[in-house]
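So the chains spell out like this:
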Amino acid sequence: MTPPRLPRPTELVSAAPAMTPFVAPEELARRVGRSELLRLGANESAFGPSPRAIAAMREAVALTSWYGDPESLELRAALAQRHRCAADEIVVASGIDDLMGLIVRAYCAPGDACVATRGTYPTLFYHLHAYGARAEFAEPAADGAFDPGAIVDAVARSGAKLVYVANPDNPSGTFADRATLAQLREALPDDVLLFLDEAYADFVPVDELPPDVIDPRTIRTRTFSKAFGMAGARIGYALASADVIAVFQKLRLHFGVNRTGQIGALAALDDDAFLRGVVSEVARGRNDYYALADRLGLPSVPSFTNFVCIGIGTRLQAEAMVGALLEAGVFVRKPWAPPLDGYVRVTVGTVAERARLAERFIAALDRVREKAAS
Ligand SMILES: *Cc1c(COP(=O)(O)O)cnc(C)c1O
């Protein structure tokens, strides 16, 4: 008997490799039979959203029967003021991860290359695979940071028309100043689009970031998921020329932005004191982690974000450390490529969470070291 003919996805999708972008902490908890974990693995804020955002969202929930404003106009107007640009130079989406899909869909044809630093934030790669495009890797610098020269070489080698740079970077936590970014932009051909992912920009003083000037060859993305503490609200935005934003208007999901999230984000923008409080507490938290690493004789990477990479040893030892911490009820992740694949990445928690982390980290490290010695 001939097998039945069944519906099939497109060739492009059939050819895409099966991937699990991230194993979520909920799933990890189930695997070790725990109801919850000390959640320091996804760079979520330990300090929550602004009380003003919470109050605004509480009120907004009652009108969940309504769609949000598909233009996110109020939020875009407030963001335009914040970034000294026009509202038509901003698009709001369901997080940067959503914007990544739009950028790849708009600018990468099947077979096209996109240059990114090996080891950087991986979500872009899933979108590239799903659209039949490919990553062309530039090797990182010795501290895991992006290397502008390597990026320019990779563009020349591959003919890529899209370059992805996360700054501050995840997972290394490193940061390149505005002069370095300007040099990179100038060294790239004008027809190459620079996708500058600034998910952690709120942790960096504004005068160290590239200035708020719209460059028609650059897309910058920001999010409410990190310093603003609103990852679950799923609100991110891109800053780009009106022409580039008009491209996204053709593709984006019209009602893809959650109404409650829009309202919460708008209220959060109105609470700068809260944001500054989070940023300074995160700086204290990073210092605690550097001190912990020091005390244990481990290296750490100076970070400009809400996480710190701590060196455990070899890649296998770092993987064992992630496993040992999970067994102890702690969720962390680790960089996936050298030179930081022997490190674990720990998100800054509250003071109490940092104390619990330190205790379990020391015990887990002992177990990893014993295993390595035996
Ligand atoms: C967390 C993170 C994102 C995802 O942001 P969302 O707005 O929550 O989708 C994107 N890029 C980097 C570098 C991140 O660390």
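The rules behind each value
- Residue numbers restart at each chain and count upward from 1, following the sequence in its written direction.
- Under the rules for a predicted model, residues below a pLDDT of 70 receive no local features and side-chain atom pairs below 80 are neither given nor counted, while totals for whole chains, interfaces and linings still include all residues.
- Each side-chain value is derived from all of the structure's non-hydrogen atoms; neither hydrogens nor water enter the calculation.
- Just to be clear on terms, a salt bridge is a Lys or Arg side-chain nitrogen sitting within 4 Å of an Asp or Glu carboxyl oxygen.
- Labels follow the DSSP assignment, with helices taken as runs of H or I lasting at least four residues and strands as runs of E lasting at least two, numbered in each case from the N terminus.
- Burial classes follow relative accessibility: with a 1.4 Å probe on protein chains only, a residue under 20% of its type's maximum area counts as buried, one over 50% as exposed, and anything between as partly exposed.
- We call a residue near a molecule or strand as soon as one heavy atom of that residue lies within 4 Å of the molecule or strand.
- Pairs of N or O atoms within 3.5 Å make up the polar contacts considered here, provided that, within protein, one atom can donate a hydrogen while the other can accept it, and that residues adjacent in sequence are counted only when both atoms are side-chain atoms.
- Per-residue accessibility takes into account occlusion by the displayed protein chains alone, with areas from the Shrake-Rupley method and a 1.4 Å probe.
- In the scheme used here, Gly and all other residues not listed as nonpolar or charged are polar, with Ala, Val, Leu, Ile, Met, Phe, Trp, Tyr, Cys and Pro taken as nonpolar and Asp, Glu, Lys and Arg as charged.
- Think of each axis as a best-fit line through the C-alpha atoms, taken over the contacting stretch in the case of a helix, with angles from 0 to 180 degrees between the N-to-C directions.
- Orientation labels follow simple angle bins: below 35 degrees gives roughly parallel, above 145 gives roughly antiparallel, 65 to 115 gives roughly perpendicular, and whatever is left gives oblique.
- For any helix crossing, the convention is left-handed if the near helix is rotated counterclockwise from the far helix by under a right angle, and right-handed if that rotation is clockwise.
- The contact rule is simple, with two residues in contact once any of their heavy atoms fall within 4.5 Å.

**Re the pattern of salt bridges**
Consideration 1: A full pass over the atoms with the stated rule returns 20 salt bridges.
Consideration 2: A salt bridge links E198 to R222; its shortest N-O distance comes to 2.9 Å. Residue E198 is located in the loop between strand 6 (193-197) and strand 7 (218-223), and its partner R222 is located in strand 7; the two are separated by 24 residues in the primary sequence.
Consideration 3: Overall, E198 belongs to the buried group, its relative accessible area being 1%.
Consideration 4: Judged by its relative accessible area of 6%, R222 falls in the buried class.
Consideration 5: E281 is the salt-bridge partner of R354, the closest N and O atoms lying 3.2 Å from each other. Of the two residues, R354 is situated in helix 13 (residues 351-373) and E281 in helix 11 (residues 272-295); the sequence distance between them amounts to 73 residues. Taken individually, R354 and E281 each receive the classification buried, so the pair is uniform in this respect.
Consideration 6: One network of salt bridges, in which partners are shared, links E186, D190, D215 and R217.

**Some words on the site of the ligand**
Consideration 1: As a matter of local geometry, the ligand sits amid 13 residues, with D197, Y200, T223, S225 and K226 nearest to it.
Consideration 2: At a separation of 2.9 Å, an oxygen atom of the ligand approaches a polar side-chain atom of N170.
Consideration 3: Interatomic distance of 2.6 Å between a side-chain N/O atom of T223 and an oxygen atom of the ligand.
Consideration 4: Protein contacts shield 95% of the accessible area of the ligand, which totals 390 Å² for the unbound molecule.
Consideration 5: The residue makeup of the shell around the ligand, split by class, is five nonpolar, four polar and four charged.

**A few points about unusual backbone geometry**
Consideration 1: Between N167 and P168 the backbone carries a cis peptide bond, its omega angle lying at -5°.
Consideration 2: Secondary-structure assignment places P168 in the loop between strand 5 (162-166) and helix 8 (178-187).
Consideration 3: Positioned with a positive phi, R84 is a non-glycine residue whose angle comes to about 50°.
Consideration 4: Mapped onto the elements of the fold, R84 is located in the loop between helix 4 (73-83) and strand 2 (90-93).
Consideration 5: On the accessibility criterion, R84 (67% relative accessible area) is exposed.
Consideration 6: We note that R234 has phi near 55°; this positive angle belongs to a residue other than glycine.
Consideration 7: Following the sequence through the fold, R234 ends up in the loop between strand 7 and strand 8 (236-239).

**What about the packing of helix 7 (residues 148-158) against helix 8?**
Consideration 1: Between helix 7 and helix 8, the shortest axis-to-axis distance is 10 Å and the interhelical angle comes to 15°. Regarding the angle of helix 7 to helix 8, the classification is roughly parallel. Helix-helix and strand crossings are classified by hand; for helix 7 and helix 8 the assignment is right-handed. Listed contacts from helix 8 to P148, I151 and V152 of helix 7 are T180, L184 and A187.
Consideration 2: Grouping the amino acids of the contact of helix 7 with helix 8 by side-chain chemistry returns five nonpolar, one polar and no charged.

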